[in-house]
Amino acid sequence: MSLHEDAVLVLKGHEGQPELRDVYLEHLAAHPDGVYKPCTAGHITGSALVIDPARGRVLLTLHKKLGMWLQMGGHCEPGDDTLEAVALREAREESGIVSGLSLLPGGPVRLDRHPIPAPCHWHLDVQYAALAPAGAEAEISEESLDLRWFPYEEVAAVADTSVVRLLEATLARLGG
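So, here is what we can say about the structure in this document. (Residues numbered from 1 in each chain as written. Predicted model: local features only at pLDDT ≥ 70, side-chain atom pairs only at ≥ 80, totals over all residues. Heavy atoms only, no water.)

Moving on, we come to the environment of L103. Relative to the helices and strands, L103 is located in strand 5 (residues 102-103). Once residues lying within four places of it in the same chain are set aside, the contact partners of L103 are A48, E84, L88, Y128, A129 and A130. (Helix = DSSP H or I, 4+ residues; strand = E, 2+ residues; numbered from the N terminus. Contact = heavy atoms within 4.5 Å.)

Structure follows, in structure tokens:
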């Protein structure tokens, strides 16, 4: 199965945000290369909010290009087989937590479509949550200006609405 086919299956199974889900599916139907960065009409990205429920905190990265506190995430690459693999790879690369990081069961937590500068026009982000192992130590990557754990209650003060909604949806899935 190709990454494109996996993306279609994952999105068809995503029960939340039906209108946005349909936008993603229409994009993939119109663009066979719609999961990859060269697709200038927009492309699928995968991200993961790294969360430590035992300590009530999330790990955010200060994005080098955007100067914003965000979840870990990025572009699909040719070696990626699934959207889950994209999100987990990005979370590991950007957090430095390479061992014990696992995605929260149940598939994507949210979808978020946001404009980006030309030559591309849209990121169609498929957002997951990743559970940090006990005692996880984060290590800053080249893609980040900073990396920091934030208590849940501080996220709204530092991050944009998309990250706040992702945290809320993640906490709801965790039953908190």
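And the narrative resumes.
Our next topic: the nonpolar core. Judged by nonpolar contacts, the single largest core of 32 residues is most densely connected at I44, V50, L83, L101, V126 and Y128. Put simply, the parts of the chain that give this core at least two residues each are helix 1 (3-13), helix 2 (18-30), strand 1 (43-52), helix 3 (83-95), strand 7 (122-131) and strand 8 (144-151). Beyond its immediate sequence surroundings of up to four residues, L83 is in contact with L3, D6, A7, V10, I44, C76, V126 and Y128. If you look at the next biggest cluster of nonpolar residues, it comprises 18 residues, including V58, L60, A129 and L166. (Core = buried A, V, L, I, M, F, W, Y, C linked by side-chain atoms within 4.5 Å. Buried < 20%, exposed > 50% of the residue type's maximum accessible area, 1.4 Å probe, protein only.)

Moving on, we come to the pairing of strand 1. Counted residue by residue, strand 1 has ten buried out of ten residues, so it is predominantly covered. Burial along strand 1 is two-sided: H43, T45, S47, L49 and I51 facing one way and I44, G46, A48, V50 and D52 facing the other are all buried. By the bridge criterion, nine bridges tie strand 1 to strand 7 in an arrangement that is parallel. Across the sheet, the residue bridging to S47 is Q127, located in strand 7. Sheet analysis places strand 1 next to strand 4 (residues 72-75), joined by four bridges and oriented antiparallel. (Pairing = 2+ DSSP bridges.)

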